[in-house]
Amino acid sequence: MSKLYDLFKEAAKNSTVPTPFDKMNLVRFTDGDKNYEVYFTAKRANKRTIISCVDNFIEWEQLPLLAMSWGSVYGTKKERILSATPSKEYVRIVVIMGKPTVITGLDDGIFRSANKFDEGYVNVMSETRFKKLER
């Protein structure tokens, strides 16, 4: 596990900062001279979860357990879980807890993946990828 993930877990145990988004939690901590702001989902994603990064929003789409047999998918629920913008004060990271099927819209606009981590943007990744992130 990375040092950044260990700092995140320790900060999450001590306190979380209230957010206006009921689907997200927020933890702030410092590592050396850098301030980090880590948003993480309140519930865990699974293989039926699709995360989309569109414009300045992160959307959560949950596919139903059983899709209809004729090819249409009914019961999908898409909701905005976070409105994000880059910050000069904090390195912003959004962590999707669990294992989503896919995270779309990365490395396009203000959102960056863990592969192209950039402190001037909003970095979005799964919990598994965050555990391996080296900074």
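Preceding block: the structure.
About the cut-offs
- Residues numbered from 1 in each chain as written.
- Predicted model: local features only at pLDDT ≥ 70, side-chain atom pairs only at ≥ 80, totals over all residues.
- Heavy atoms only, no water.
- Helix = DSSP H or I, 4+ residues; strand = E, 2+ residues; numbered from the N terminus.
- Expected span 1.5 Å × (residues − 1).
- Buried < 20%, exposed > 50% of the residue type's maximum accessible area, 1.4 Å probe, protein only.
- Arc of directions from axis to C-beta.
- Contact = heavy atoms within 4.5 Å.
- Pairing = 2+ DSSP bridges.
- Axes fitted to C-alpha atoms, helices over the stretch in contact; angles between N-to-C directions.

(A) Examining helix α1 (residues 3-14) more closely. Relative to the 16 Å expected for 12 residues at 1.5 Å per residue, α1 spans 17 Å between its end C-alpha atoms, a close match to the ideal helical length. By the burial criterion, the buried members of α1 are Leu4, Tyr5, Phe8 and Ala11. Burial along α1 is one-sided: seen end-on, the buried residues are contained in an arc of 130°. Of the exposed residues in α1, the ones pointing more than 90 degrees away from its buried face are Lys3, Lys13 and Asn14. The inward-facing, buried residues of α1 contact β1 (24-31), β2 (34-41), β6 (91-96) and α2 (127-132).

(B) Quick peek at the pairing of strand β9 (residues 122-126). Across the 5 residues of β9, 5 count as buried, placing the element largely inside the fold. A two-sided burial pattern is seen for β9, the buried positions comprising Val122, Val124 and Ser126 on one face and Asn123 and Met125 on the other. Note that β6 and β9 share 5 bridges and pair parallel. In the strand pairing of β9, Val94 is matched with Val124. As judged from the 2 bridges shared by strand β8 (residues 111-112) and β9, these two strands associate in the parallel manner. Bridge pairing links Phe111 to Val122 in β9.

(C) Local environment of the environment of Leu82. Mapped onto the fold, Leu82 is located in strand β5 (residues 77-83). According to the relative accessible area criterion, Leu82 is buried, its value standing at 2%. Leu82 sits 42 residues away from Phe40 along the chain, and the two C-alpha atoms are 10.0 Å apart. Apart from residues no more than four positions distant in its own chain, Leu82 is found in contact with Phe21, Met24, Tyr39, Asn56, Phe57, Ile58 and Val94.

(D) Quick peek at the sheet that holds β8. Ordered by their spatial adjacency, 5 strands build an open sheet running β1-β2-β6-β9-β8, and the pairing between neighbours is mixed. Each edge of the open sheet is held by one strand with a lone partner, namely β1 and β8. Running at roughly 120° to β1, α1 makes contact with β1, β2 and β6 of the sheet.

(E) Expanded view of the environment of Ile103. Counting through the fold element by element, Ile103 comes out in strand β7 (residues 102-104). Spatially, the C-alpha atoms of Ile103 and Glu119 are 19 Å apart, while their sequence positions differ by 16 residues. Excluding its chain neighbours within four sequence positions, the residues that come into contact with Ile103 are Ile51, Cys53, Ile96, Val124, Met125 and Ser126.

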